[in-house]
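Chain by chain, the residues:
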Amino acid sequence: MTSQPIHFYRPSETVDLPEPEVWPVKEILELYELPFTELMFRAQEVHRANFPSGQVELNSLISLKTGACTEDCGYCPQSIHHNTDVTPSKMLDMETILAAARRAKELGANRFCMGASGRSPNDRDFRKYLKIVRAVKALGLETCMTLGMLKEEQAQQLKEAGLDYYNHNLDTSPDYYNTIISTRNYKDRLDTLGRVRKAGIKVCCGGIIGMGESREQRAALLSQLANLNPYPEAVPINHLVPIKGTPLENMKPLDPLEFVRTIAVARIIMPQAKVRMSAGRAELGQAIQALCFLAGANSIFYGEKLLTTDNADAAEDRALLAKLGLKPFEATDVKARMPGLPEHDHHDH
Ligand code: SAM
Ligand code: DTB
Ligand code: SF4
């Protein structure tokens, strides 16, 4: 049933991503400008050549430490510079974190992603993060953390603790970045990504669209991501969730088909990356989400909450995946089956 598979990427293997092709912004814009059906066709071709058909990676997300952040990211409800409804909280205790991880596993999640507010982790918190990675890993889940900027030695310690992925987004194009964030710059972000890569942790890096940027700026973000050497193993594409009290609260939503196009272009230029349809997905409705899967998205956040906002309802997600005949990625160390979904067929492997 699969047309000429070239290489099937398995989530548990350490991938040697190919040297990236150089993707200038102009060529990425040409992809964006293809007729919609042609773009979908091209994205589907790349997707099917690189991944087993019909599998979606499920990532559950938890906020380990929320709010009171001194950075001024214009989209973020956790910044002290904005007046939002988020109540700052201390770090969750280990039992709460492990209970959430176990539940995520029971519900069929492949990976447990843990976020913390802040520019960078302090030493005391960092020691706790290392313990948390070890404990979650011991449950048989893949782990991902997003803690802000890291020093070289911190990246190495996270690797030694068994961290699989580190999420650190470029968020937008280099020339739009200063419009959104003034407390750090693009190079800071690239430097942390370099340290994560050097430590041998897989890179999860993407951005947010719908923050008032132009299509060319979206293409420039994708160009930055695709030209990383190697490109990220996971690419979250977030749609801005406009939060009351942030400078972007009144941002007009992007045309949903532009979101679909962005997923398709990401799939074409980063063929072996997991492309994640991330924040803002629930608001897009089932038909647009189905188009995103067609465009090559093969990863979602799964579970009731993102960091501070609601995610799509987990039971509705299961129903949507079942309706579309999609199944959770089969990771060798994740035995859990997703309730209510068909078993994997193994002929693709
Ligand atoms: N403090 C760390 C940092 O900034 O790297 C980690 C947590 S931070 C909240 C993780 C990512 O969440 C951001 O880089 C951004 O891409 C995404 N995010 C935050 N608020 C968002 C919003 N309102 N809409 C969409 N994505 C958002
Ligand atoms: C990512 O790219 N998106 C996630 C995760 N990485 C950490 C976060 C989305 C946050 C949406 C707003 C909130 O819930 O606070
Ligand atoms: Fe702080 Fe991260 Fe939010 Fe920026 S995105 S304000 S660094 S928590």
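Parameters and conventions
- Residues numbered from 1 in each chain as written.
- Chains lettered and ligands numbered in written order.
- Predicted model: local features only at pLDDT ≥ 70, side-chain atom pairs only at ≥ 80, totals over all residues.
- Heavy atoms only, no water.
- Helix = DSSP H or I, 4+ residues; strand = E, 2+ residues; numbered from the N terminus.
- Contact = heavy atoms within 4.5 Å.
- Areas by Shrake-Rupley, 256 points an atom, 1.4 Å probe, with all protein chains shown as cover.
- Near = heavy atom within 4 Å.
- Polar contact = N/O pair within 3.5 Å; in protein donor to acceptor, adjacent residues only side chain to side chain.
- Nonpolar A, V, L, I, M, F, W, Y, C, P; charged D, E, K, R; others polar.
- Core = buried A, V, L, I, M, F, W, Y, C linked by side-chain atoms within 4.5 Å.
- Buried < 20%, exposed > 50% of the residue type's maximum accessible area, 1.4 Å probe, protein only.
- Axes fitted to C-alpha atoms, helices over the stretch in contact; angles between N-to-C directions.
- Parallel < 35°, antiparallel > 145°, perpendicular 65-115°, else oblique.
- Left-handed = near helix turned anticlockwise from the far one by under 90°.
- Pairing = 2+ DSSP bridges.
- Right-handed = clockwise from strand over helix to strand, strands pointing away.

Participant: An account of the overall build of the chain is requested, with residue identities and associated values reported.
Facilitator: From N to C terminus, the chain includes eleven helices and ten strands. Here the contacts in the chain between residues at least 6 apart in sequence split such that 76% fall between residues at least 24 apart. For the chain, the computed accessible surface area is about 14800 Å², with 52% contributed by carbon and sulfur atoms.

Participant: Give a detailed account of the site of ligand 2, specifying residues and quantitative values.
Facilitator: Taken together, 13 residues are adjacent to ligand 2, and Asn169, Asn238, Leu307, Thr308 and Thr309 come closest. Here an oxygen atom of ligand 2 sits 2.8 Å away from a polar atom, N or O, in the side chain of Asn238. Compared with its free state, where it exposes 410 Å², ligand 2 has 87% of that area covered by protein. Among the residues forming the shell around ligand 2, the class breakdown is seven nonpolar, six polar and no charged.

Participant: So what's going on with the nonpolar core? Residues and values would help.
Facilitator: One finds Tyr75, Met145, Leu158, Leu222 and Met270 to be the most contacted residues of the largest nonpolar core, which totals 92 residues. Tallying contributions element by element places helix α9 (residues 256-269) first for this core, with eight residues.

Participant: For the packing of helix α4 (residues 123-138) against helix α5 (residues 152-161), give the residues involved together with the corresponding values.
Facilitator: Contact geometry for α4 and α5: axes closest at 8 Å, N-to-C directions at 25°. When the axes of α4 and α5 are compared, the pair comes out roughly parallel. Considering the relative orientation of α4 and α5, their crossing is right-handed. Contacts from Phe126, Leu130, Val133 and Arg134 in α4 reach Gln154, Gln157, Leu158 and Ala161 in α5. Classifying every residue of the contact of α4 with α5 by side-chain character gives five nonpolar, two polar and one charged.

Participant: Provide a residue-level description of the pairing of strand β8 (residues 274-277), including the pertinent values.
Facilitator: By the alternation rule, side chains of β8 split into Lys274 and Arg276 and Val275 and Met277, which are all buried. Here strand β7 (residues 234-239) runs beside β8; their pairing, made up of four bridges, is parallel. Looking across to β8, one finds that Ile237 is bridged to Met277. Chirality of the crossover, the property in question, places the unit of β7, α9 and β8 among those that are right-handed. With two bridges joining them, β8 and strand β9 (residues 299-301) adopt parallel strand pairing. Across the sheet, residue Arg276 finds its bridge partner in β9, namely Ser299. Between β8 and its parallel partner β9, the chain crosses via helix α10 (residues 285-294), and the hand of that crossover is right-handed.

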